[in-house]
Amino acid sequence: MHLAEKYTGSGSVLHIAEIMRNEGARKVMIVTDENVLENGMTFRFEEQLVRYDIEFTRFTEICGKADMECLEKGTELFLSENCDTIMAIGGGTVIDCAKLIALKAANPTKSMNYFLDYTSTPKRAVPLYAAPTTPGSGSEVSLVSFYTDQKGRRCPVVSSEFVPRAVALDPDFLYSLTPEMIAWCGMSILTRAIESYISTYSERFYRDTVNAPKACRMVFENLYEAWLDPDNITARMNLLKASYYSGISFRRASGGYISALANRMTELYGIHFGKACSVFLPVILEEYMPEIISDLAAIAYHCDFTDDRNTEVENAFRMIEQIRDLNMMLDLDDHFDELRETDISTIVKRTQSDTRICGCPKIFTDSELEALLFSIAYKRKPS
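Residues numbered from 1 in each chain as written. Predicted model: local features only at pLDDT ≥ 70, side-chain atom pairs only at ≥ 80, totals over all residues. Heavy atoms only, no water.

Engineer: Would you mind showing me how to read the packing of aromatic side chains here?
Structural biologist: The geometry of two aromatic rings is summed up by the distance between their centres and the angle between their planes. According to the stated counting rule, one finds 6 aromatic pairs in the structure shown. Geometrically, the ring pair formed by phenylalanine 220 and phenylalanine 305 is edge-to-face, given 4.9 Å between the ring centres and 85° between the ring planes. Taken together, the residues span a long stretch of sequence, with phenylalanine 220 in helix α9 (residues 212–228) and phenylalanine 305 in the loop between α13 (293–302) and α14 (312–329) at a distance of 85 residues. The two residues phenylalanine 220 and phenylalanine 305 agree in class, both being buried. Ring geometry for tyrosine 244 against tyrosine 245: centres 5.9 Å apart, planes inclined by 75°, an arrangement best described as edge-to-face. By the burial criterion, tyrosine 244 is buried, and tyrosine 245 matches it. What links up through ring pairs into an aromatic cluster is the set Tyr257, Tyr288 and Phe364. Residue placement shows arginine 154 over the ring face of phenylalanine 146; its charged tip is 4.7 Å from the ring centre. Directly above the ring of phenylalanine 250 sits arginine 192, whose terminal nitrogen or CZ lies 4.8 Å from the centroid. (Phe/Tyr/Trp six-rings, centres within 6.5 Å; stacked < 30°, edge-to-face > 60°. Helix = DSSP H or I, 4+ residues; strand = E, 2+ residues; numbered from the N terminus. Buried < 20%, exposed > 50% of the residue type's maximum accessible area, 1.4 Å probe, protein only. Lys NZ or Arg CZ within 6 Å of the ring centre and 35° of its normal.)

Following this line, the structure appears as structure tokens:
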């Protein structure tokens, strides 16, 4: 199973064009969104393609989710323009769309049910490259992309074939991010890293999950600085790297209740995944106790939060305290104003369905999940 070749630093996206030339690419479809395009983030890459006599076209019809309309239009453009390569420049949703288009374009007669079926035969994909413009999702190295079905549910599609061949972690893309977005992205990185490390699959995929503690430490060392100072490009670059390491850790060890619940908030209320994670992360970690004490204490040790005088249990809870402190520093809420009581049964049902194949360290009953959601629904930050 290949791991995307990584290029870092200012201008690193230009190396991707060079790789495409060396691989014999003739025409590239650039998958991006209108916001990225309006900020001119694709221009340098496009100019480099022109220098290498590589044609390109753009697909920008992405409206916040990878749904059937997006995939059909993207695939139609790729095939009608006789493209042979895809370049994704954007956040997690853009990269997810590009990965799914890469699958669909290589298998145009296959339905989405084929791609959603974990037991189906390996799925070919057209050559794909990526340059994330936000840290957080780790989609640029993940084996998973999220498809939004006709009912608005975020459904995972798993394949090793659509992992990008090379990735550019270019800090020049990060200048337009607001402090709020930086905070949400950072909590997304932290969630994916911790969930993969405490997963029951963690030891099986140790070569991946060994990256999780490093990603967590980089978040705690850089997130507040990046949030505080928009011009601190070093801190933002380190968050891009943390997202990459978190994505590696997460790609096979999978998620759990935190990610699954956060996905429901995105589906039902349009809440950013990372914002939802900031609420659920400390709460669910407490509910996972005592099953995750050793793993959480190990992360705390790597982040330099432990004390030799403390027990392992105390160090594990210290990690949760640090997460809550970070949320407060970033001015993140500990509840959802949008959460409606009438939606809780739907949230529980979809969450339980999602987590049936995840390596959750503890399985919650429907009643336990309902009680947890009701407690968050009525929670308010102290005045």
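Once the structure has been displayed, the description carries forward.
Engineer: Sorry if this is basic, but what is going on with the nonpolar core here?
Structural biologist: Across soluble globular proteins, nonpolar side chains show a tendency to be buried alongside one another. By size, the foremost hydrophobic cluster in this structure holds 77 residues, and its most contacted members are Leu190, Ile194, Phe280, Leu285 and Leu339. Apart from the residues lying within four places of it in its own chain, the contact partners of phenylalanine 280 are Ile258, Leu261, Ala262, Met265, Phe336, Leu372, Leu373 and Ile376. (Core = buried A, V, L, I, M, F, W, Y, C linked by side-chain atoms within 4.5 Å. Contact = heavy atoms within 4.5 Å.)

Engineer: Any chance you could explain the side chain of threonine 85 here in plain terms?
Structural biologist: On the secondary structure map, threonine 85 appears in strand β4 (residues 85–90). Those residues in contact with threonine 85, other than ones at most four positions away along the chain, are Met20, Ala25, Lys27, Val28, Met29, Phe78, Pro127 and Tyr129.

Engineer: Explain the pattern of salt bridges here, please?
Structural biologist: Opposite charge on two side chains permits them to pair, given that their charged atoms come into close proximity. Using the criterion set out here, one finds 18 salt bridges in the structure. The partner of aspartate 84 in a salt bridge is arginine 26, and the shortest N-O contact between them spans 3.7 Å. Taken as a pair, aspartate 84 in the loop between α4 (68–80) and β4 and arginine 26 in the loop between α1 (13–22) and β2 (27–31) lie far apart in primary sequence, 58 residues in all. Taking the shortest distance from any N to any O, the salt bridge between arginine 264 and aspartate 354 comes out at 2.9 Å. Of this pair, arginine 264 sits in helix α11 (residues 257–269) while aspartate 354 sits in helix α15 (residues 344–354), and the two are 90 residues apart along the sequence. Judged by its relative accessible area of 1%, arginine 264 is buried. Here the salt bridges share partners, and the residues they tie into one network are Arg264, Glu267, Arg350 and Asp354. (Salt bridge = Lys/Arg side-chain N within 4 Å of Asp/Glu carboxyl O.)

Engineer: Even after reading the chapter, I still don't get the packing of helix α7 (residues 179–198) against α9, so can you show me in this structure?
Structural biologist: Helix-helix packing: each pair is described by the crossing angle between the helix axes and the interaxial distance. Across the interface, α7 lies against α9 with an axial gap of 9 Å and an inter-helix angle of 165°. One finds that α7 runs roughly antiparallel with respect to α9. Here α7 runs over α9; the crossing is left-handed. Counted together, Pro179, Glu180, Ile182, Ala183, Gly186, Met187, Ile189, Leu190, Ala193, Ile194, Ser196 and Tyr197 of α7 and Ala212, Pro213, Ala215, Cys216, Val219, Phe220, Leu223, Ala226 and Trp227 of α9 form the full contact between these two elements. (Axes fitted to C-alpha atoms, helices over the stretch in contact; angles between N-to-C directions. Parallel < 35°, antiparallel > 145°, perpendicular 65-115°, else oblique. Left-handed = near helix turned anticlockwise from the far one by under 90°.)

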